[in-house]
Amino acid sequence: DAGVIQSPRHEVTEMGQEVTLRCKPISGHNSLFWYRQTMMRGLELLIYFNNNVPIDDSGMPEDRFSAKMPNASFSTLKIQPSEPRDSAVYFCASSRRTQGNTIYFGEGSWLTVV
Amino acid sequence: QKEVEQDPGPLSVPEGAIVSLNCTYSNSAFQYFMWYRQYSRKGPELLMYTYSSGNKEDGRFTAQVDKSSKYISLFIRDSQPSDSATYLCAMSAGDDKIIFGKGTRLHILP
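Residues numbered from 1 in each chain as written. Chains lettered and ligands numbered in written order. Predicted model: local features only at pLDDT ≥ 70, side-chain atom pairs only at ≥ 80, totals over all residues. Heavy atoms only, no water.

(A) Structural context of the layout of surface pockets. The space that makes up the largest pocket amounts to roughly 590 Å³. Only β4 (31–38) of chain A together with β9 (85–92) and β11 (104–109) of chain B provide two or more residues apiece to the lining of the largest pocket. With four residues, β11(B) is the largest single contributor of residues to the lining of the largest pocket. Looking at side-chain class alone, the lining of the largest pocket contains seven nonpolar, 10 polar and four charged residues. By volume, the second largest pocket is sized at about 430 Å³. Looking at the second largest pocket, it is lined by 17 residues, and the ones nearest its centre are A:R41, A:L43, A:E44, B:I99 and B:F100. Of all the secondary-structure elements, those providing two or more residues to the lining of the second largest pocket are β5 (42–50) of chain A together with β10 (98–100) of chain B. Among the elements that take part in the lining of the second largest pocket, β5(A) stands out by supplying five residues, more than any other. Among the residues making up the lining of the second largest pocket, the classes are represented as nine nonpolar, three polar and five charged. (1 Å grid on protein atoms, 1.4 Å probe; cavity = no way out; pocket = protein on both sides within 12 Å on 5 of 7 lines; lining within 4 Å. Points joined across faces, edges and corners; volume = space filled by probe spheres on them. Helix = DSSP H or I, 4+ residues; strand = E, 2+ residues; numbered from the N terminus. Nonpolar A, V, L, I, M, F, W, Y, C, P; charged D, E, K, R; others polar.)

(B) Broad picture of the state of the cysteines. Enumeration according to the criterion identifies two disulfides over all chains in this entry. Shown here is the disulfide that connects A:C23 with A:C92, its sulfur atoms set 1.9 Å apart. When the S-S torsion is -70°, as for the bridge of A:C23 with A:C92, the disulfide is left-handed. Here A:C23 is found in strand β3 (residues 19–24), whereas its partner A:C92 is found in strand β9 (residues 88–95), with 69 residues between them in sequence. Of the two residues, A:C23 and A:C92, neither departs from the other in class, the shared state being buried. Here B:C23 pairs with B:C89 through a disulfide, and the sulfurs are 2.0 Å apart. Handedness of the B:C23-B:C89 disulfide follows from its S-S torsion of about -100°: it is left-handed. You can see B:C23 sitting in strand β3 (residues 19–25) and its partner B:C89 sitting in strand β9, a full 66 residues away along the chain. (Disulfide = S-S within 2.5 Å. Buried < 20%, exposed > 50% of the residue type's maximum accessible area, 1.4 Å probe, protein only.)

(C) Geometry of unusual backbone geometry. The omega torsion across A:Q80 and A:P81 is -5°, close enough to zero to call that bond cis. With respect to the helices and strands, A:P81 occurs in the loop between β8 (74–79) and β9. At A:N52, a residue that is not glycine, the phi angle is positive and equals roughly 75°. At B:K70, a position not held by glycine, the phi torsion is positive, near 55°. Along the chain, B:K70 turns up in the loop between β7 (61–66) and β8 (71–76).

So, in structure tokens, the structure goes:
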């Protein structure tokens, strides 16, 4: 069974540009999470969806960040405009709610904003 | 006070030693406790999962939860160089919101 698939794996962009990160969750999973990881702050939950519906976006840092889940097999996290302080690893994760709180992570998207 | 506290390390131990990793937390509503292992430039992977207080063993790994002290531990017996990674504790109150510690970097010296 394929795991969580994220793209791009690496992105270097200039400040002010739009960045779109993509995620395909594990088939059959109905919860999807976006996390951001930095050395200073560790792994932070940005937003999560249940059955494609955003449930909690309190972790989204500011209005420059937005996330969508148009269907059960695809989600995007968009940053517009990007800033150097957005440089981090962005992880997508998914779970099947009946499995309790076990979530499965993708390999991450490594974002550098210069 | 942060919800979950974890010493970032690094922690260096010789091969074969017993490793003890710990986290403390402040939210008494947490009842699901997890340990994730993260290798360099990879995503975290679930290592251990426990519900409420008590111990759980899986091979060389033992997870302990003491809810009265708000303290969880992960023990690794007969540590191997392949155990070198960052270990993150994680916990949840039963909703989908999982809070992670910052992770402890572990180095097993051959």
